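# Report on the structure
Read off the chains here:
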Amino acid sequence: MSFFKRLKDKFSGSSEEPKQQEELEQLESDGQPQEDSEVAEQVEQKEKKKPKKLKEADFDEDGLISIEDFEEIEAQQLGAKFRAGLEKSRENFQAQLNNLIARYRKVDEDFFEALEEMLITADVGFNTVMQLVEELRDEAKRRNITETEDLREVIVEKIVEIYHQDDEHSEVMNLEDGRLNVILMVGVNGVGKTTTIGKLAHRYQAEGKKVMLAAGDTFRAGAIEQLKVWGERVGVEVTSQSEGSDPAAVMYDAINAAKSKGCRYLNL
């Protein structure tokens, strides 16, 4: 949401950043230094944004950290990564839209075709692009907009509307009592599948549920050992086979083992 808010402010010219910068320059020109309390508050805010630094006391005798500390550090790092990625996306999108409006002064079919191409190359989904451009055509006619510069704010408004149109959704997992629930984690390398498996196991274990983990990733080097470490951390049994084994065979055996031991959850 904050990305689109900043995007709208930037394109519509309603951002308060220039105003704040102007006020700061005015203070500097008047020779009025900031109050010590204000400086201290700014430093404190910057420190809060920095990822937590681990100390020797955070590790136990086996060289491991607690689940809580790990989750806090991971959340901070992930948040910083997302902010950096969104900032780059915002700047790229802004530059492309500015170039497009500079090249096409009039709102016509050539402009809409170029806008379609720009959005698709910016990795916006095809169906979303078609919906957005069609709504912009209708809105331009309804408001009698003929200059592309006047359509800039409408573009941002429509993007925000599309972003919010499916806000009502459920994040509740479809889990049932009295049976084995199999949770299969799928994703590209490095997105945190194994870590999430460990977190879920820790959560369900803390709720008193019986959990089993299965090392279905038999291809990636170290994947089996990594999952076993998480199993040891949270006190959950891990079923696995040798590296390079058939993942389907691992899952088949794991499901049978989990059923026979009365497990509520099996994380693969």
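Below is a short write-up of the structure. Quick caveat, the model's predicted, so the values are computed rather than measured.

Bringing the overall build of the protein chain into the picture now. Across its full length, the protein chain carries ten helices and four strands. The linear arrangement of helices and strands in the protein chain, starting from the amino end, is α-α-α-α-α-α-α-β-α-β-α-β-α-β. Residue burial in the protein chain is summarised as follows: out of 268 residues, 29% are buried. Carbon and sulfur atoms make up 49% of the accessible area of the protein chain, which amounts to about 17800 Å² in all.

On to the side chain of Asn181. Topologically, Asn181 is positioned in strand 1 (residues 181-183). Side-chain polar atoms of Asn181 contact the backbone oxygen of Glu176, separated by 2.8 Å. A distance of 3.3 Å separates a polar side-chain atom of Asn181 from the backbone oxygen of Arg179. In this structure Asn181 touches Asn174, Leu175, Glu176, Arg264, Tyr265 and Leu266, once residues within four positions along its chain are discounted.

With that settled, the discussion passes to the packing of helix 6 (residues 126-143) against helix 7 (residues 148-164). Remark: helix 6 packs on helix 7, axes separated minimally by 10 Å, with the N-to-C direction vectors making an angle of 135°. Relative to helix 7, the element helix 6 is oriented oblique. For helix 6 against helix 7, the interelement crossing comes out right-handed. Contacts from Thr128, Gln131, Leu132, Glu135, Leu136, Glu139, Ala140 and Arg143 in helix 6 reach Leu151, Val154, Ile155, Glu157, Lys158, Ile159 and Ile162 in helix 7. Residue composition of the contact of helix 6 with helix 7, by class: eight nonpolar, two polar and five charged.

Between side chains of opposite charge, pairing is possible as soon as their charged atoms come close. For the structure on display, the rule yields 16 salt bridges. The closest approach of N and O atoms between Arg137 and Glu134, which form a salt bridge, is 3.4 Å. A residue pair is termed a helical-turn pair when its members lie 3 or 4 positions apart in one helix, as Arg137 and Glu134 do in helix 6 at three residues. Note that Glu207 and Lys209 form a salt bridge whose closest N and O atoms lie 3.7 Å from each other. When its relative accessible area of 42% is taken as the criterion, Glu207 is described as partly exposed. Beyond isolated ion pairs, a larger network of salt bridges with shared partners links Glu139, Arg142, Arg143, Glu157, Lys158 and Glu161.

What counts, and where the lines are drawn
- Along each chain, numbering runs from 1 in the same order as the chain's sequence is written.
- The model is predicted, so local features are restricted to residues of pLDDT at least 70 and side-chain atom pairs to those at 80 or more, both for listing and for counting; the totals for chains, interfaces and linings are taken over all residues.
- Based on all heavy atoms of the structure, the side-chain values leave hydrogens and waters out of the count.
- Per the convention used, a helix needs a DSSP run of H or I reaching at least four residues, while a strand needs a run of E reaching at least two, with both numbered from the N terminus.
- Exposed residues in this analysis have more than 50% of their type's maximum accessible area, buried residues have under 20%, and partly exposed residues fall in between, with area computed by a 1.4 Å probe over protein chains only.
- Working definition of accessibility: Shrake-Rupley area with a 1.4 Å probe, residue cover restricted to the visible protein chains.
- Counting of polar contacts relies on pairs of N or O atoms within 3.5 Å, with two restrictions inside protein: one atom must be capable of donating a hydrogen and the other of accepting it, and residues adjacent in sequence are counted only when both atoms are side-chain atoms.
- Any pair of residues with heavy atoms lying within 4.5 Å of one another is described as a contacting pair.
- Whenever a helix is involved, its axis is fitted only over the stretch in contact; in every case the axis is a line through C-alpha atoms, and angles between N-to-C directions fall within 0 to 180 degrees.
- Angular relationships are summarised with four words: roughly parallel below 35 degrees, roughly antiparallel beyond 145, roughly perpendicular across 65 to 115, and oblique for the angles in between.
- Take the far helix as your reference; a near helix turned counterclockwise from it by less than a right angle gives a left-handed crossing, and one turned clockwise gives a right-handed crossing.
- Amino acids are sorted into nonpolar (Ala, Val, Leu, Ile, Met, Phe, Trp, Tyr, Cys and Pro), charged (Asp, Glu, Lys and Arg) and polar (every other residue, Gly among them).
- For this analysis, a salt bridge means a side-chain nitrogen from Lys or Arg found within 4 Å of a carboxyl oxygen belonging to Asp or Glu.

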